[in-house]
Amino acid sequence: MAVDWWGFGYAAAVVFGGFLGYKRKGSLVSLMAGLFFGGISGYGAYRVSADPRDIWISLAASGALGLVMGMRFRKSGKLMPAGIMAGLSLLMVVRLLIF
């Protein structure tokens, strides 16, 4: 059983991003979204660690977050945080589908 370190790192980045949004801007929505998507991503990484073919939870979480953050990046044009999270989510989707 190989541990999905990339998946757990992605989940930690999502949670950290939500916490950072709360700390800097006082955005409770950022904190809740970060905890929600980070928790789902962490659970997905756990499932991938148990069975490398069980990618669906991780794929859904990173795909949904990538879509939402991609739309926010397109609307605002700001690289931080929407562009970075959209890029990380896209990389995660590609990694799950290819590897």
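To be clear, the structure that these remarks concern was listed above.
Since we're looking at a predicted model, the values are computed, not measured. (Residues numbered from 1 in each chain as written. Predicted model: local features only at pLDDT ≥ 70, side-chain atom pairs only at ≥ 80, totals over all residues. Heavy atoms only, no water.)

Caption draft 1: Spatial organisation of the side chain of Asp4. Along the chain, the position of Asp4 falls in the segment before α1 (5-25). Relative accessible area serves as the criterion here: at 6%, Asp4 is assigned to the buried category. Apart from the residues within four sequence positions on either side, Asp4 is in contact with Ala45, Val48, Ser49 and Arg95. (Helix = DSSP H or I, 4+ residues; strand = E, 2+ residues; numbered from the N terminus. Buried < 20%, exposed > 50% of the residue type's maximum accessible area, 1.4 Å probe, protein only. Contact = heavy atoms within 4.5 Å.)

Caption draft 2: Helix α4 (residues 79-98), seen in detail. Residues of α4 that are buried: Ala82, Gly83, Met85, Ala86, Ser89, Met92, Val93, Arg95 and Leu96. Against α1, α2 (28-50) and α3 (56-76) lie the buried residues of α4.

Caption draft 3: Spatial organisation of the packing of aromatic side chains. One pass over the structure, following the stated rule, counts 2 aromatic pairs. A centroid spacing of 5.3 Å and a plane angle of 80° characterise the contact between Phe36 and Phe37, whose relative ring orientation is edge-to-face. Assessed through its relative accessible area of 19%, Phe37 is described here as buried. (Phe/Tyr/Trp six-rings, centres within 6.5 Å; stacked < 30°, edge-to-face > 60°.)

Caption draft 4: Structural context of the nonpolar core. Formed by 13 residues in total, the largest nonpolar core has its most connected members in Tyr10, Val14, Leu65, Met85 and Leu96. Elements represented by at least two residues in this core include exactly α1, α2, α3 and α4. If you tally residues by element for this core, the top one is α4, at 5 residues. Aside from chain neighbours lying at most four places away, what touches Met85 is Tyr10, Val14, Leu65 and Met69. (Core = buried A, V, L, I, M, F, W, Y, C linked by side-chain atoms within 4.5 Å.)

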